[in-house]
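The lines below spell out each chain.
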Amino acid sequence: MPLIQNYRELPEDFYTQVWPEPLANARLYALNQDLMTQHHIHLAETDIYQLCRGELPATLQPLAQKYTGHQFGYYNPDLGDGRGLLLGQWLTPNGQAFDWHLKGAGRTPYSRRGDGRAVLRSVIREYLASEALHALAVPTTRALAIVSGPETVWREGPEMRAMLLRVTGSHIRFGHFEWAADQGVDQLKTLADFVITHHYPELLNQADPYAALLKEVMQRTARLIAHWQSLGFNHGVMNTDNMSILGETFDFGPYAFMDDFKIGYICNYSDTGGRYAYNEQPNVGLWNCQVLAQAFQSLIPNENQRNALLDEYIESFNSHYLYLMRLKLGLQNPHPKDKHLIADLLICLDKHRVDFHVFMRSLAQLDTPHECWPQSQDYQAWLKNYQQRLELETLNTNERSQLIRNHNPARVLRNYIAQHIIELAEKGDDQVIDQWRKWLSTPFEDDDSVWTKVPKPTEKGQRLSCSS
Ligand code: AMP
Ligand code: MG
């Protein structure tokens, strides 16, 4: 099995070697052929299947990473990989290294009271969401395979146990830096050097590589969250241990692509205070970046310098969000009033609870009023402003329609669709997950199927708990 383990370059207190608890007689439920091709993974299906069941060759050096983090605003020093193991890195022919991480692999020293296991429902949700976001060009971890059964584990009831093979450049989280900072400046420097060497080598020749690293991570985080906002995506658990040092979408729990637009939408029904509500995400991203900046304190002692980077997060978020929303509205050239045009639209969609995705795509056919359009004066007023704004553009109607369709997905992983797939898989259908992955891999395709329409009232707005 040609996996290396570069995480062992770090001192031993950064991890613990742990072997997985295999999932005997599990079945292969999904194998991501697109990712196999993209990463030149020429292993036999049976090898991946074995690995994913937790039956590892003795040559591997699986480990659980140590980190800490802020959960719902409170520092938790006891975190670490509690139910996932870093198996090692796959090297692509051009020399890129990708972590392979087995989620649901059993207990580790960081499991606390957890059982170390994952269930089929939650790994399907992660597999599909990460592949859906990838197809939408949103930075994200990927998923290579799922195995499941026959054991059951208890969550809100008995559920099928499963494991997911997750793939990304790095599993290092903001929380890794919080832990290292607690250990002292030497450990912090070691971690920062490791991250720069392996993930940001272009920063090595900067005058101040640590400041450059912090800046780059914050900028990526700002752009990531701008992208989520533009897609009506609510992550749901933006704890600092779920924030990737690569600025990728990381750890999929009760996330949702919103149905009816609601500015204060909370996908996670355990989040009673709405800390991680949709409209809070940009601010929480900033809060998390402040925590990261605090962890960097001994490497970047000048507080003004750190604060300047946080200001740049805000600028970066605002400009990227505007850029993405303009494209969604079919606008090519910036205009100072665009902010208001966008804000007025969101207020209107929120007020009338309009389906976000169907509405946005319906703007590609402005001549044909869509049945989801609100019958209201405020909408008519907005539409008139929008039409006037379009007159300042040079694109013709067809070109603009194409631009809108290229930036507003027809195919969206709504929660009721994920639930439909989960129910079929739980009944034993081992084709359904990859069939839907393929469907989600071309989100901008014109598609007239029922799955691209406004969901029925009973299908809308399904919310989930943290339980996974
Ligand atoms: P999450 O909410 O999935 O981001 O997990 C937060 C922390 O709890 C991480 O350190 C996980 O490793 C750990 N954790 C979550 N679920 C389990 C479980 N079933 N068993 C052990 N640890 C878990
Ligand atoms: Mg997590």
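Residues numbered from 1 in each chain as written. Chains lettered and ligands numbered in written order. Predicted model: local features only at pLDDT ≥ 70, side-chain atom pairs only at ≥ 80, totals over all residues. Heavy atoms only, no water.

Overview of the packing of helix α8 (residues 303–328) against helix α9 (residues 338–352)
Piece 1. Where α8 meets α9, the axes come as close as 11 Å, and the angle between the chain directions of the two elements is 70°. By the criterion of interaxial angle, the relationship of α8 to α9 is roughly perpendicular. Across from Y321, L322, M325 and R326 in α8, the residues of α9 making contact are D338, K339, I342 and L346.
Piece 2. Broken down by class, the residue content of the contact of α8 with α9 amounts to five nonpolar, no polar and three charged. (Axes fitted to C-alpha atoms, helices over the stretch in contact; angles between N-to-C directions. Helix = DSSP H or I, 4+ residues; strand = E, 2+ residues; numbered from the N terminus. Parallel < 35°, antiparallel > 145°, perpendicular 65-115°, else oblique. Contact = heavy atoms within 4.5 Å. Nonpolar A, V, L, I, M, F, W, Y, C, P; charged D, E, K, R; others polar.)

Digging into the pattern of salt bridges
Piece 1. Within the structure shown, the criterion is met by 32 salt bridges.
Piece 2. For R117, the salt bridge identified is with E151, shortest N-O distance 3.3 Å. Taken together, the residues R117 in the loop between β8 (97–103) and β9 (118–119) and E151 in strand β10 (residues 142–154) connect sequence positions 34 residues apart.
Piece 3. On the basis of relative accessibility, which here comes to 28%, the residue E151 falls in the partly exposed class. (Salt bridge = Lys/Arg side-chain N within 4 Å of Asp/Glu carboxyl O. Buried < 20%, exposed > 50% of the residue type's maximum accessible area, 1.4 Å probe, protein only.)

Comments concerning the nonpolar core
Piece 1. The biggest cluster of nonpolar side chains holds 119 residues, and the ones touching the most others in it are F177, F359 and I433.
Piece 2. When residues in this core are grouped by element, the largest group, 12 residues, is from helix α6 (residues 209–230).
Piece 3. Of all hydrophobic cores here, the second largest spans 30 residues; its members include I41, I48, C52 and A145. (Core = buried A, V, L, I, M, F, W, Y, C linked by side-chain atoms within 4.5 Å.)

Details of the layout of surface pockets
Piece 1. Of the pockets and cavities examined, the largest pocket occupies roughly 940 Å³.
Piece 2. The wall of the largest pocket is formed by 36 residues, among which Q71, R83, R112, C466 and S468 lie closest to the centre.
Piece 3. Elements that contribute at least two residues to the lining of the largest pocket include exactly β8 and α3 (120–135).
Piece 4. Counting residues per element, the lining of the largest pocket draws most heavily on α3, at three residues.
Piece 5. For the second largest pocket, the calculated volume is near 510 Å³.
Piece 6. Taken together, 23 residues form the lining of the second largest pocket, with R361, Q365, H370, D447 and D448 sitting closest to its centre. (1 Å grid on protein atoms, 1.4 Å probe; cavity = no way out; pocket = protein on both sides within 12 Å on 5 of 7 lines; lining within 4 Å. Points joined across faces, edges and corners; volume = space filled by probe spheres on them.)

Describing the pairing of strand β11 (residues 158–168)
Piece 1. Among the 11 residues in β11, 10 count as buried, and that is most of the element.
Piece 2. By the bridge criterion, five bridges tie β8 to β11 in an arrangement that is antiparallel. Pairing of W100 across the sheet is with V167, part of β11.
Piece 3. Relative to β11, β9 is paired through two bridges, and the arrangement is antiparallel. Residue pairing across strands places A118 opposite A162, the latter belonging to β11. (Pairing = 2+ DSSP bridges.)

Digging into the coordination of the magnesium ion (ligand 2)
Piece 1. Protein coordination of the magnesium ion (ligand 2) is provided by N242 (OD1) and D251 (OD), with donor distances spanning 1.9 to 2.2 Å.
Piece 2. A relative accessible area of 9% means that N242 is categorised as buried.
Piece 3. Under the relative-accessibility criterion, D251 is labelled buried at 16%. (Donors = N, O, S within 2.8 Å, 3.2 Å for Na, K, Ca; no water.)

Describing unusual backbone geometry
In most cases, non-glycine residues show a negative phi, while peptide bonds are predominantly trans.
Piece 1. Between G149 and P150 the backbone carries a cis peptide bond, its omega angle lying at -15°.
Piece 2. Within the secondary structure, P150 is located in strand β10.
Piece 3. Backbone geometry places F72, a non-glycine residue, at a positive phi of 50°.
Piece 4. Judged by relative accessible area, which is 30%, F72 ranks as partly exposed.

Some points on the packing of aromatic side chains
Piece 1. What the rule picks out here adds up to 21 aromatic pairs.
Piece 2. Between the aromatic rings of Y379 and W382, the centroid separation amounts to 6.1 Å while the plane-to-plane angle is 20°, which identifies the pairing as stacked. In this pair, Y379 and W382 both sit in helix α11 (residues 377–390), three residues apart, roughly one turn of the helix.
Piece 3. Since its relative accessible area comes to 0%, Y379 is described here as buried.
Piece 4. Under the relative-accessibility criterion, W382 is labelled buried at 3%.
Piece 5. Through a chain of ring-to-ring contacts, three or more aromatic side chains come together here, namely W228, F233, F252, Y255 and F257.
Piece 6. The ring of Y49 carries R53 above its face, with NZ or CZ at 4.4 Å from the centroid. (Phe/Tyr/Trp six-rings, centres within 6.5 Å; stacked < 30°, edge-to-face > 60°. Lys NZ or Arg CZ within 6 Å of the ring centre and 35° of its normal.)

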